[in-house]
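# Descriptive analysis of the structure
Residue-level listing of the chains:
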Amino acid sequence: MIRTKEQESAPMLGFWLYLMTDLMLFATVFATFMVLRHATAGGPSAPELFSMKTVLTETMILLASSLFCGLAWLALRHKKRTDFLMYSIATLLAGAVFLAIEIQEFAQLVHEGFGPSTSAFLSSFFTLVGMHGFHIAIGLLWGIALLIMFAKKGFGSSLARKFALFAVFWHFLDIVWIFIFTIVYVIGVHA
Amino acid sequence: MSAIDDYRKETIRYIVGAVAAAVLTYVVYMVAVEQRLEAVWLAVVALGLAMVQLLVQMVSFLHLGNETKPRWKAQSFVFAFLMATVIMVGSIWIMANLDYNMGMSPQQMDEYMIKQNKKGF
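What counts and how
Numbering of residues begins from 1 in every chain and follows the order in which that chain's sequence is written. Throughout, the order in which chains and ligands are written sets their labels, letters from A for the former and numbers from 1 for the latter. Only residues with pLDDT of at least 70 get local features here, since the model is predicted, and only at 80 or more are side-chain atom pairs given and counted; chain-wide, interface and lining totals rely on the full set of residues. Side-chain calculation: all heavy atoms of the structure are included, whereas hydrogens and water are not. To qualify as a helix, a DSSP run of H or I must reach at least 4 residues; to qualify as a strand, a run of E must reach at least 2; elements of each kind are numbered from the N terminus. Only the C-alpha atoms count toward the radius of gyration. The rule for a globule is 2.2 Å times the residue count to the power 0.38. Residue exposure (1.4 Å probe, protein chains only): buried if accessible area is under 20% of the type maximum, exposed if over 50%, otherwise partly exposed. A domain assignment, automatic or from a database, supplies the domain bounds used here. Patch members must show over 30% relative accessible area and no salt bridge, and they are joined within 9 Å when carrying like charges or within 5 Å when they are nonpolar side chains of Val, Leu, Ile, Met, Phe, Trp or Tyr. Per-residue accessibility takes into account occlusion by the displayed protein chains alone, with areas from the Shrake-Rupley method and a 1.4 Å probe. Criterion for a salt bridge: a side-chain nitrogen of Lys or Arg within 4 Å of a carboxyl oxygen of Asp or Glu. Positive charges come from Lys and Arg alone, negative charges from Asp and Glu alone, with His and the N- and C-terminal ends not counted. Throughout, a charge is located at the NZ atom of Lys, the CZ atom of Arg, the CG atom of Asp or the CD atom of Glu. It only takes one pair of heavy atoms within 4.5 Å for two residues to be counted as in contact. A simple way to read buried area is as the amount of 1.4 Å-probe accessible surface that goes missing from two parts once joined, with both sides added. In the scheme used here, Gly and all other residues not listed as nonpolar or charged are polar, with Ala, Val, Leu, Ile, Met, Phe, Trp, Tyr, Cys and Pro taken as nonpolar and Asp, Glu, Lys and Arg as charged. For the purposes of this section, nonpolar cores are sets of buried Ala, Val, Leu, Ile, Met, Phe, Trp, Tyr and Cys residues that join through side-chain atoms within 4.5 Å.

## What to know about the overall build of chain B
Per the secondary structure count, chain B includes four helices and zero strands. Secondary structure elements in chain B, listed N-terminal to C-terminal, are α-α-α-α. Relative to the globule expectation of 14 Å for 121 residues, the C-alpha radius of gyration of chain B, 23 Å, shows a markedly less compact shape. Dimensions of chain B, computed from C-alpha atoms along their principal axes, come out at roughly 80 × 45 × 15 Å. Expressed as a percentage of its 121 residues, the buried residues of chain B come to 28%.

What follows is the structure in structure tokens.
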């Protein structure tokens, strides 16, 4: 396994510590959701609202995006231009599809009259899943900015460092999604 | 020559990690949809497999087992994860306890309070 200075640099450690505080933020929102998940105030509960098939599709797309991101990072470390370009575009496309499905799902819920103000359960659902989606949106903008930088300057020394941070951010979001899938959907719908 | 081998080997590592994660996700999905398990056991199995997948992704995507000595990332992660668990389990515990104790009529509540007072501290 090749070790690179980008993986253990000071900016990387700093960014990692930011992610750990982000983990705390997610933990509190997860806690809120778990406490309020039965507080439907007479409104619909999880099994009536969510389609497990859609969620499985979303999960697999985000996982694919995370894989492409790892491969792009690897190609960058090995200075493979075409591979890097291909994989990073695939990362962003898969991320965009994931976000589109999620926005569509949210829009449908709101359209049917089950917005965040319906019940404590839905408030906490929109907060948790929406917060993850917001992170994904920020990540997409970040990824596009990095691609523009690549188009202008190619493999500069700073692209490797900056992409390493983006890759860690992106993998982190997929890891958070594992728990959203498990707690909000699998346990929320079936247990 | 060896750089190309490394590239291929690491690509395979990433793909193996992703396939393992996909299989774990699909197993949880099938177990949930088939509804073979009781609710409590489904929750236990789903959370257990989520923890396995967490480890798989940490190792294959974030290379957490591959750090050099002070291992700041692994240490800060373990501590952050511990705190996150305390926040989540603690919230559920406290709120369930509150729910249980507040879920009685005012009369029952009075009796309960008197009984608890007799116990003293």
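Resuming the write-up.
## Observations regarding the domain arrangement of chain B
Segmentation of chain B into domains returns domain 1 (1-61) and domain 2 (68-121). Here the C-alpha centre of domain 2 of chain B lies 31 Å away from the C-alpha centre of domain 1 of chain B.

## Some remarks on a positive patch on the surface
Residues and elements named next belong to chain A. Taken together, Lys-152, Lys-153, Arg-161 and Lys-162 make up a surface patch of like positive charges. Breaking the positive patch down by element, the ones donating at least two residues are helix H5 (120-153) and helix H6 (157-190). Of note, Arg-161 is situated in helix H6.

## Side note on the pattern of salt bridges
Counted under the stated rule, the structure contains two salt bridges over all chains. Here Glu-10 of chain B makes a salt bridge to Arg-77 of chain A, at a shortest N to O gap of 3.3 Å. One end of the pair, Glu-10 of chain B, is in helix H1 (residues 2-34); the other, Arg-77 of chain A, is in helix H3 (residues 52-77), on a second chain. Between Arg-36 of chain B and Glu-34 of chain B there is a salt bridge; the shortest N-O distance is 3.2 Å. The exposed category is assigned to Arg-36 of chain B, whose relative accessible area is 68%.

## Things to note about the interface of chain B and chain A
Each side of the interface is counted separately: chain B has 49 residues, and chain A has 49 residues. Regarding the contact of chain B and chain A, the summed buried area is about 4,500 Å², with carbon and sulfur atoms giving 79% of it. Interface area lost by chain B to chain A is led by Tyr-7, Tyr-29 and Lys-73 of chain B, which between them contribute 16%. Our count for the contact surface shared by chain B and chain A stands at one salt bridge. Counting residues per element, the ones that place at least two in the side of chain B that touches chain A are H1, helix H2 (39-60) and helix H3 (72-102) of chain B. Ranked by residues supplied to the side of chain B that touches chain A, first place goes to H1 of chain B with 17 residues. Grouping the constituent residues of the side of chain B that touches chain A by class yields 34 nonpolar, ten polar and five charged.

## Here's the deal with the nonpolar core
Counting residues in hydrophobic clusters, the biggest one holds 98 residues, and the most contacted among them are Phe-30, Phe-50, Phe-84, Phe-125, Phe-163, Ile-180 and Tyr-185 of chain A. Top element by residues in this core is H6 of chain A. It accounts for 25 residues. Among the domains, domain 1 (1-61) and domain 2 (68-121) of chain B are the pair contributing at least three residues each to this core. Each residue touching Phe-125 of chain A, except ones within four places of it in the same chain, is listed here: Phe-33, Phe-50, Phe-106, Leu-109, Gly-130, Val-184 and Tyr-185 of chain A.

## A short note on the side chain of Ser-119 of chain A
Considering the arrangement of structural elements, one finds Ser-119 of chain A in the loop between helix H4 (81-111) and H5. The buried category is assigned to Ser-119 of chain A, whose relative accessible area is 5%.

## Focus: unusual backbone geometry
All names here are of chain B. The backbone phi angle of Gln-35 is positive, close to 55 degrees, even though this residue is not glycine. Residue classification places Gln-35 among the exposed residues on the basis of a relative accessible area of 56%. Positive phi, close to 50 degrees, is recorded for Arg-71, a residue that is not glycine. Among the structural elements, Arg-71 can be located in the loop between H2 and H3. On the accessibility criterion, Arg-71 (36% relative accessible area) is partly exposed.

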